Amino acid sequence: MISSKYKRKKYNLLNLAEIPEKKKVKRKIAKADTQKQKVVTNQPESKEKEVEISPGDEFETSADENEENDPFLLHLKYEISPQLHSVLSEKSPKFTKDVFNWPSLGKLLYLKPEVNTNSEQSLSKIVLNEKQVFASVRKFPDVPQNSDLSNLHIKSQITYNIENTLKKTENGSLTPIQNELLTLISNYYNVYYPEVNQTNNDQVRLAYCIHAINHVIKTRLKILHHNAKLQSRLDVPEEFRDQGLVRPKVLILVPFKSMAYSVILSFISILLGDGGNIMNKKRFIEEYSGDTLIMPEKNPKPLDYQQLFSGNTDDNFKIGLTVTKKCLKLYADFYASDIIVASPLGLRVLIGTEGEGSRDYDFLASIEILIMDQAQVFTMQNWEHVLHVMEHMHLQPQRSHDTDLSRARTWALNGWARYYLQSLVFSANPLPEVTGLFNSKLNNYNGKIIITNPVIPGSISQVIVHAPQMFHYISSSNVTEAIDDRFQSFISNILPRLKESNQKHVLIYIPSYFDFVRLRNYFKKQELYFVQICEYTNEKKIVRARSKFFHGETQYLLYTERFHFFRRIQLRGIEHLIFYQLPSFPLFYSEMCNFLQDHKKDGKGNHEHKMSIDVLYTKFDVTQLAGVVGTERATRMLTSEKSVHMFMTDNAK
């Protein structure tokens, strides 16, 4: 029987199933035609029982909703087969690999769940006899030949606004990168794009915002369309299952409020254009704009730093968005929201930890699209926050949240929502943490795509200081042992040489804070003369450490990557640079090396002392190594019998 929550509307509704094809039907609407009315929506589409829409809004369904080739319907409508579920539920699922080359994105590595084709086909025959169809991995799309939005299954309600938004951009239409990205993500593949830069950053953001809004609108219209049909029925047929266990469908993780501000402005432009109602807009602008860091005019910061940290850099925030036909409600209750935009820290605080009384994570139970923008910043903030959020996605809700189970999708009730999750991860460069999460935790049944273009020639080509760069290979059997092997190699091979020559002005660059603490404790125990700068060092100690290091009052400066990421100060007085581990960001390598040109010179303009650069690396640092020396050169170094490789600036170009 139909739930008591389904109420009769105050105006007449037509049974869309009875409308003949190619025949116009005049709607009869009651006196309230000129005013907005309340139409009941079935839970869990909203925690609230009613959502305000215009009369006739539920009839706005375009032909693409009924097309059998719409990826939205194909991805969410059917259950996955037992064979496919068996593969995806394994601890390390098996994927077949294919490589495609597209004009703008470049090399695409396509990973498809490895399912026994024969058993899958035989099962389909049996199921079809029972009038049931399983979801299947779809054919990989062809390279888009044009930038026509109609090829991307974009809803007609937002096509006009998208076109107007694109006209305001430099290109005036979809760029090749946007077109290819939208082709992939509109087919509901997981996509990892680790090549976001200052040039394409805005293009990528607009592309995923179009997809997110399009997904929400399609979901909403389908629910309203089914609501209209259910007015004349006493039961809820299986094909009317169109919702999750809770309403939120899209989760967008960004590191700073400034980026959330840009994302929501894009949503407004796509959804409402120049018109429409935005609830709580003034509050949003006050809280998410402003607080811009003042960039110094003298010794200016690098351009990538200025772009990343321009705007509000608050990293503790969360905001819910409710989408209707002509209104975008900001600061909506999470359980009445379609989209959640938040920072990992903002969600971590809300989710809490085990044992806390006021924990809440049910809003993550039915996320269908996960977007991580500027994922490289998460590794510098606190990667544990991201992992904590991932651990609490698609769990069994603790409370009902007025969910109508008769409208919940069967695969959601089965606890299989994680296999339907589309994950879109965007980063400035590939990072082990991000790559590991994408490969191990985010297993969309339709497969995943990684953009894996070779690095040519690497950031070493941007080193302008003339100094030998010695790369020392450390043999390790696994990642855990690599930590100890690196430490032993440093204190046994690198540090004794520095002690014997009594060298000063030695900067030791340390990416991991745990390695920093270990070296600091060792230096104290050995009573070595050193100063330290890390992300927790106060301003007075930073100034004192820089002064002592520059004037040679101490031998060593221990310097963390995380501090450099957030401050990007210019260091002077370096004569010997040691990378305890390769930088996570390739551009930091050339940036740190070029600081050596600022150390003391004699009266003839020559450097008073010989400079040196030493780098420690293992086979597990292949991603960072490729970013520094290039993919081809990194491959040769890791397969070489030599344990030491030397580069000079002229050879690196």
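Just so you know, the residues in each chain are numbered from 1, in the order the chain's sequence is written. Given that the model is predicted, a residue must reach a pLDDT of at least 70 before its local features are reported, and side-chain atom pairs must reach 80 or more before they are shown or counted; all residues, however, enter totals for whole chains, interfaces and linings. Only hydrogens and water are set aside; all other atoms, that is, all heavy atoms of the structure, feed into the side-chain values.

> Hey, could you go over the overall build of the protein for me, with residue numbers and the actual values?
What the protein contains, in helices and strands, is 22 helices and 20 strands. Looking at the protein as a whole, 55% of its 653 residues qualify as buried. Pairs at least 24 apart in sequence give 78% of the contacts found in the protein among residues at least 6 apart. In short, Shrake-Rupley with a 1.4 Å probe defines the accessible areas, and a residue's cover is counted only from the protein chains shown. Accessible area for the protein stands at about 30400 Å²; split by element, carbon and sulfur atoms hold 48% of it. Numbered from the N terminus, helices here are DSSP runs of H or I no shorter than four residues, and strands are runs of E no shorter than two. Any residue under 20% of the maximum accessible area for its type is buried, any over 50% is exposed, and the rest in between are partly exposed; the area is computed with a 1.4 Å probe on protein chains only. Here, residues are in contact when the closest pair of their heavy atoms is within 4.5 Å.

> Kindly report on the side chain of threonine 537, identifying the contributing residues and their values.
Among the structural elements, threonine 537 can be located in the loop between β16 (530–533) and α17 (539–550). For threonine 537, a relative accessible area of 16% gives the class buried. N or O atoms within 3.5 Å of each other form a polar contact, as long as, within protein, one can give a hydrogen and the other can take it, and as long as residues adjacent in sequence are counted only when both atoms are side-chain atoms. A polar contact of 2.9 Å, which involves the side chain of threonine 537, links it to the backbone nitrogen of cysteine 534. In contact with threonine 537, other than residues within four places in its own chain, are Gln532 and Ile542.

> Give a detailed account of helix α15 (residues 479–500), specifying residues and quantitative values.
The span expected for a helix works out to 1.5 Å for each residue beyond the first. Here α15 spans 31 Å end to end across 22 residues, near enough to the 32 Å set by a 1.5 Å rise per residue. For α15, the set of buried residues is Ala482, Arg486, Phe487, Ser489, Phe490, Ile491, Ile494, Leu495 and Leu498. Tucked inside the fold, the buried residues of α15 contact β14 (469–473), β15 (506–510), α16 (513–525), β17 (556–560), β18 (576–579) and β19 (612–617). You can read the cap of α15 off the contacts: a side-chain oxygen lies 3.1 Å from the backbone nitrogen of threonine 480, and it is on asparagine 478.

> Describe the pairing of β16, naming the residues involved and giving the relevant values.
Bridging between β16 and β17 involves four bridges; their strand directions are parallel. By the bridge assignment for β17, glutamine 532 is matched with leucine 558. Strands are treated as partners if at least two bridges between them are detected by DSSP.

> Give me empty space enclosed by the protein: which residues, what numbers.
Here a cavity is any set of points on a 1 Å grid over the protein atoms alone where a 1.4 Å probe fits but cannot get out, and a pocket is any open set with protein on both sides within 12 Å along at least 5 of 7 lines; a residue lines the site when it has an atom within 4 Å of a point. Grid points are joined across faces, edges and corners, and a volume is the space filled by probe spheres set on the points. According to the stated counting rule, one finds four cavities of 30 Å³ or more in the structure shown. The calculated volume of the largest cavity comes to roughly 60 Å³. Along the walls of the largest cavity sit Asp70, Pro71, Phe72, Leu152, His153, Ile154, Ser186, Tyr188, His211, Asn214 and Lys218, which together make up its complete lining. Those elements that place two or more of their residues in the lining of the largest cavity are α1 (71–76) and α6 (201–230).

> Describe the packing of aromatic side chains, with residues and values.
Whether two aromatic rings pair depends on their centres lying within 6.5 Å, for rings of Phe, Tyr and Trp, where Trp uses its six-membered ring; planes under 30 degrees apart make the pair stacked, over 60 edge-to-face, and the rest tilted. The full count for this structure, using the stated rule, is 36 aromatic pairs. With a centroid separation of 5.9 Å and 70 degrees between ring planes, the pair formed by phenylalanine 309 and phenylalanine 565 is classed as edge-to-face. Of this pair, phenylalanine 309 sits in helix α9 (residues 303–309) while phenylalanine 565 is found in helix α18 (residues 561–567), placing the two residues 256 residues apart along the sequence. Its relative accessible area of 3% is what places phenylalanine 309 among the buried residues. Its relative accessible area of 5% is what places phenylalanine 565 among the buried residues. Put simply, a charge is over a ring when the Lys NZ or the Arg CZ is close to the ring centre, within 6 Å, and near the line of the ring normal, within 35 degrees. One Lys or Arg, lysine 257, reaches over the ring of tyrosine 288 and ends 5.0 Å from the middle of that ring. We note lysine 448 situated over the ring of phenylalanine 438; from NZ or CZ to the ring centre the distance is 5.4 Å.

> Help me get a handle on the environment of proline 583, residues and values and all.
With respect to the helices and strands, the residue proline 583 is situated in the loop between β18 and α19 (586–594). Sequence spacing of proline 583 and aspartate 621 is 38 residues, and the spatial spacing of their C-alpha atoms is 9.5 Å. When near neighbours in sequence (up to four residues on either side) are disregarded, proline 583 contacts Tyr509, Glu561, Phe588, Tyr589 and Gln624.

> Kindly report on the sheet that holds β15, identifying the contributing residues and their values.
An order of β16-β17-β15-β18-β19-β14-β20 is seen for the seven strands of this open sheet, with the pairing classed as mixed. Every other strand in the sheet has two partners, leaving β16 and β20 (644–647) as the edge strands with one partner each. Across the sheet, the mean angle from the axis of one strand to that of its neighbour is 15 degrees, orientation sign disregarded. Axes here mean lines fitted to C-alpha atoms, for a helix over just the part in contact, with angles spanning 0 to 180 degrees between N-to-C directions. The strands touched by α16 within the sheet are β15, β16 and β17, with β17 carrying the most contacts at an inclination of about 160 degrees. The strands touched by helix α21 (residues 631–639) are β14, β19 and β20; relative to β20, the strand with the most contacts, the crossing angle is about 150 degrees.

> Could you give an account of the pattern of salt bridges, naming the residues involved and the relevant values?
Salt bridge, as applied in this entry: a Lys or Arg side-chain nitrogen positioned within 4 Å of an Asp or Glu carboxyl oxygen. Using the criterion set out here, one finds 19 salt bridges in the structure. Residue aspartate 360 pairs with arginine 399 through a salt bridge whose shortest N-O separation is 3.9 Å. Placement of aspartate 360 in the loop between α10 (344–351) and β11 (369–372) and of arginine 399 in the loop between α12 (383–391) and α13 (410–413) is noted, with a sequence separation of 39 residues between them. In this structure aspartate 360 comes out as buried when scored by relative accessible area, which is 17%. It is possible to trace a salt-bridge network through shared partners that takes in Arg247, Lys249 and Asp338.

> Hey, could you go over the nonpolar core for me, with residue numbers and the actual values?
Val341 and Phe471 are the most contacted members of the largest nonpolar core, which totals 125 residues. Tallying contributions element by element places α6 first for this core, with 11 residues. Here, the term nonpolar core denotes a set of buried Ala, Val, Leu, Ile, Met, Phe, Trp, Tyr and Cys residues that are joined through side-chain atoms within 4.5 Å.

> Let's hear about the side chain of histidine 505: which residues, and what values?
Residue position: histidine 505 is located in the loop between α15 and β15. By relative accessible area, histidine 505 is classed as buried at 9%. Within the local environment of histidine 505, its side chain forms a polar contact with the backbone oxygen of glycine 573, the two atoms lying 2.9 Å apart. Residues within four places of histidine 505 in sequence aside, it is in contact with Phe549, Phe550, His551, Gly552, Thr554, Gln555, Gly573, Ile574, Glu575 and His576.

> Tell me about the packing of α15 against α16, and name the residues and values.
Where α15 meets α16, the axes come as close as 12 Å, and the angle between the chain directions of the two elements is 40 degrees. By the criterion of interaxial angle, the relationship of α15 to α16 is oblique. For the element pair α15 and α16, the recorded crossing hand is right-handed. The residues of α16 that touch α15, namely those facing Ile483, Asp484, Phe487, Phe490, Ile491 and Leu495, are Asp515, Arg518, Leu519, Tyr522 and Phe523. Split by residue class, the contact of α15 with α16 holds eight nonpolar, no polar and three charged. Oblique is the label for any angle not covered by the other classes, which are roughly parallel (under 35 degrees), roughly antiparallel (over 145) and roughly perpendicular (65 to 115). Note on convention: near helix rotated counterclockwise from far helix by under a right angle means a left-handed crossing. Clockwise means right-handed. Three categories are distinguished: nonpolar for Ala, Val, Leu, Ile, Met, Phe, Trp, Tyr, Cys and Pro, charged for Asp, Glu, Lys and Arg, and polar for the others, with Gly belonging to the last.

> Quick rundown of the environment of leucine 519? Include the residues and the values.
Following the sequence through the fold, leucine 519 ends up in helix α16. The spacing of leucine 519 and leucine 558 is 39 residues in sequence and 8.2 Å in space, taken between C-alpha atoms. In this view, leucine 519 contacts Phe487, Phe490, Ile508, Ile510, Leu558 and Tyr580; residues no more than four positions away in its chain are not counted.

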